[in-house]
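A closer look at the structure
What follows is each chain in one-letter form.
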Amino acid sequence: MRHHQLSTPVFEALASTGEDVSAVEALLDVECSRRLLMLRAILDACASMPMVGEAWKLLVRAEERSPQTFRTALLDPQVGLWAAALMRRLPSEGETEGAADEPPLWAEAGFLGQFAAAVAFEAGLDFDVQVPIRQGRVFLPRLGRARLGSDEAWGTAGVSARDGVLRVANDETVTLPGDPEADGPGWEGLRRIRAEHGGQALTLVLDDLGDRPVVTGLPATGRLTEPRLTAWRDWFAAMWPLLVDDHPASARALAAGLRSVVPLPRGERLRARAASSSDAFGCVLLSAPDEDAEALPAQLGVALVHEFRHSLLNGLIFLTPLFEDSGALFHAPWRDDPRPVGGLVHGAYAFSGVTRYWRTRGLDGLAGFEFALWRHAVREVLATLRDHPALTRLGGDLVTALTEQTAAWDADRAGETESRLADLAAAYHQAAWRAHHARPSKTDVDELVELWEAGRPRGERSRAASPDGAVVSADPDACRLDVPALLARLLLIDPDALTRLRAQDDPGAEVSGAGPGDLALVAGDTEDAVKLYADELTRRDARPAAWAGLGLALLESGRKAAGTALVEQPELARAVSAALPVAPDPVALAHWLGGV
């Protein structure tokens, strides 16, 4: 372990819309040192636990035998998750071991033995070590999981290696197969995804066994069947040549820094899920991609780039703070909920890479739409962040660098249809976000209600004239604000599917959050969209986002003042409508709010 300083070349490589392998290697060195510090702290706090001291001695032997094997294992995402979680719950003076639903501290600390056993085995040592059993299972990082058949929630087992043969035993004995990736009696091996193209190889653990969830509350698939394993390998085999040929710098960086993929259950079509964790550098959680043959490789590639950029930024933040918590919340075009400054920085960094990726792929079709959509999003958020007082000096430098690099993209023009759909999706998201989370003052709403009921025009004297007067208050029911973006993608890659969806009485049964008005709006049938949104807004179960959709439909049909009133301040229309004893005609209210 050594002292790390952020050099100018590394910062400049990281403060970029692209990925650089030298910066990745520098961050891996930092991550190694960070984990060594956590191991030292764990040893100091838990040295009195017999299993910890025994495991530490074995780990020292293994590191002396094969430093590279030790480093590779230390960087395993499951090791990072364990160390960070244990650090958060190590008891301080006067504290107890933790909550009743948490694993016993001795078992959590005892994972060090599982880690040591895996490193020692890969280093070729003979050894014996005691490890915890969790519900009859012993997980060994980078190797797999032994199933011992015990009913007990917690217990101990012995792990031993002799002449290259590893065994896990308590009342039963499990012997690892010659190929640890293979399954055997009582053994489930961690399988790999391997792809190679143009001399560039990618090797990832497909982690469907991990001891710890990477993101709490996000359910993984569990053990994949052989057909599903084959499908994942095929998807990566289709994606990797595209990344190597068209995004070579990104491919080199991913090959150096990615460690594992955790498969998630398949989501809705065109709503693939992805996630990552600051505790698990190089781990990406991905849902099974859509099987649209033409779109799949590019969509899988961009998902990897997106989540890996979060890992890069987390690594940079471990070196130096980029922002402080200001308590303020903002619109983030990629999220349904309001986000703090840190969330904006993360999003701007990740989506600047996403936008660059799609720009490389072209300006027509799906790529053109994605480029135009995320260019708009990144531009908006970078403008919000520029000169924000919560940014540190280096945080400001990062925002400035991204702003300068993305400025040239303004000259690129996506196709006419793609641009219209991107502008529509971006405007809808922002207006729908306001409809959910912006709260006009009661005084302003009462004034408007009084004017409406008196049959008087809104007038210039209304104190509710500025969108800046609203307060942001998170609405937990806000969801699926991406509906027009999803429908735009469907229109571009499968227009017949959009036509079929429009014929359904309840399109939301197939595309969660979608209403008939959304389909008409995306299809360009604006008069029908106005009618459908207005019909929805007369019902008690109307979506707040329907005010945003109505505003956009009015704008596209030429009713500029009414449409602008709803797009800029949909929260006013929602609040006034709710405050009136009889719900008004939504279109009439829009015209009144627009001063027409």
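Let me sum up the structure you'll find in this document. Since we're looking at a predicted model, the values are computed, not measured.

1. A few points about the packing of aromatic side chains
- Enumeration over the complete set of coordinates arrives at 10 aromatic pairs.
- When the centroid spacing of 6.5 Å and the interplanar angle of 35° are considered together, the rings of W232 and F236 count as tilted. Here W232 and its partner F236 are both found in helix α7 (residues 226–246), four residues apart, which amounts to about one turn of the helix. Each member of the pair, W232 as well as F236, carries the same accessibility label: buried.
- Relative to W374, the ring of F351 has its centre 4.5 Å away and its plane inclined at 35°; by these criteria the two rings are tilted. Of this pair, F351 sits in helix α10 (residues 341–361) while W374 sits in helix α11 (residues 365–385), and the two are 23 residues apart along the sequence.
- Given a relative accessible area of 12%, W374 falls into the buried group.
- Seen from the ring of F318, R34 lies directly overhead, with NZ or CZ sitting 3.8 Å from the centre.

2. Here we look at the nonpolar core
- One finds F115, F127, W232, F236 and W358 to be the most contacted residues of the largest nonpolar core, which totals 190 residues.
- For this core, the element with the highest residue contribution is α11, accounting for 12 residues.
- Within the second largest apolar cluster, eight residues are counted, among which are L264, A275, A280 and C283.

3. So, the environment of G469
- Here G469 is to be found in the loop between α14 (442–453) and β14 (471–472).
- Judged by relative accessible area, G469 falls into the partly exposed class, the value being 47%.
- Sequence-wise, G469 and V262 are 207 residues apart; in three dimensions their C-alpha atoms are separated by 44 Å.

4. Some details on the pairing of strand β2 (residues 137–140)
- Across four bridges, the pairing between β2 and strand β3 (residues 144–147) is antiparallel. Looking at β3, one finds that R137 is bridged to R147.
- The turn joining β2 and β3, which pair antiparallel and follow one another in sequence, is formed by three residues; a positive phi near 70° is taken by R142.

5. Quick word on the pattern of salt bridges
- One pass over the structure, following the stated rule, counts 39 salt bridges.
- R212 serves as the salt-bridge partner of E108, at 2.6 Å between the closest nitrogen and oxygen. Of the two residues, E108 is situated in helix α6 (residues 105–123) and R212 in the loop between β9 (200–206) and α7; the sequence distance between them amounts to 104 residues.
- Since its relative accessible area comes to 10%, R212 is described here as buried.
- Of the charged contacts, one joins D183 and R223 as a salt bridge, the two residues approaching to 2.7 Å between their closest N and O atoms. Taken together, the residues span a long stretch of sequence, with D183 in the loop between β6 (173–175) and β7 (187–189) and R223 in the loop between β9 and α7 at a distance of 40 residues.
- Through salt bridges that share partners, D183, R191, D208, R223 and E226 make up one connected network.

6. Details of the sheet that holds strand β11 (residues 274–275)
- Taken together, five strands build an open sheet; the order of strands is β8-β9-β10-β12-β11 and the sheet is mixed. Sheet topology places β8 (191–197) and β11 at the edges, where each strand pairs with a single neighbour.
- One ladder, built from two bridges, connects β9 with strand β10 (residues 260–264); its direction is parallel. Looking at the pairing, V205 lines up with S260 of β10.
- In the packing of α7 onto the sheet, contacts are made with β8, β9, β10 and β12 (283–287), and the angle to β8 comes to roughly 30°.
- This element, helix α9 (residues 296–319), spans β11 and β12 of the sheet and lies at about 140° to β12.

7. As for empty space enclosed by the protein
- Counting across every chain of the model gives four cavities of 30 Å³ or more.
- Its boundaries defined by the atoms lining it, the largest cavity holds a volume of some 70 Å³.
- If you go around the largest cavity, you meet 13 residues; those closest to its centre are Q114, P132, R134, W154 and D211.
- Secondary structure elements with two or more residues in the lining of the largest cavity: α6, β1 (127–134) and β2.
- For the lining of the largest cavity, the leading source of residues is α6, giving four residues.
- A breakdown of the residues in the lining of the largest cavity according to their chemical character gives seven nonpolar, one polar and five charged.

8. Here we look at the environment of V131
- With respect to the helices and strands, V131 occurs in strand β1.
- Judged by relative accessible area, V131 falls into the buried class, the value being 0%.
- Each C-alpha atom, one on V131 and one on L580, is 66 Å from the other, the two residues being 449 residues apart in sequence.
- Ignoring sequence-local partners within four residues, the contact set of V131 consists of M51, G113, Q114, V138, G155, T156, A157 and V159.

So, how was this worked out
Residues numbered from 1 in each chain as written. Predicted model: local features only at pLDDT ≥ 70, side-chain atom pairs only at ≥ 80, totals over all residues. Heavy atoms only, no water. Phe/Tyr/Trp six-rings, centres within 6.5 Å; stacked < 30°, edge-to-face > 60°. Helix = DSSP H or I, 4+ residues; strand = E, 2+ residues; numbered from the N terminus. Buried < 20%, exposed > 50% of the residue type's maximum accessible area, 1.4 Å probe, protein only. Lys NZ or Arg CZ within 6 Å of the ring centre and 35° of its normal. Core = buried A, V, L, I, M, F, W, Y, C linked by side-chain atoms within 4.5 Å. Pairing = 2+ DSSP bridges. Salt bridge = Lys/Arg side-chain N within 4 Å of Asp/Glu carboxyl O. Contact = heavy atoms within 4.5 Å. Axes fitted to C-alpha atoms, helices over the stretch in contact; angles between N-to-C directions. 1 Å grid on protein atoms, 1.4 Å probe; cavity = no way out; pocket = protein on both sides within 12 Å on 5 of 7 lines; lining within 4 Å. Points joined across faces, edges and corners; volume = space filled by probe spheres on them. Nonpolar A, V, L, I, M, F, W, Y, C, P; charged D, E, K, R; others polar.

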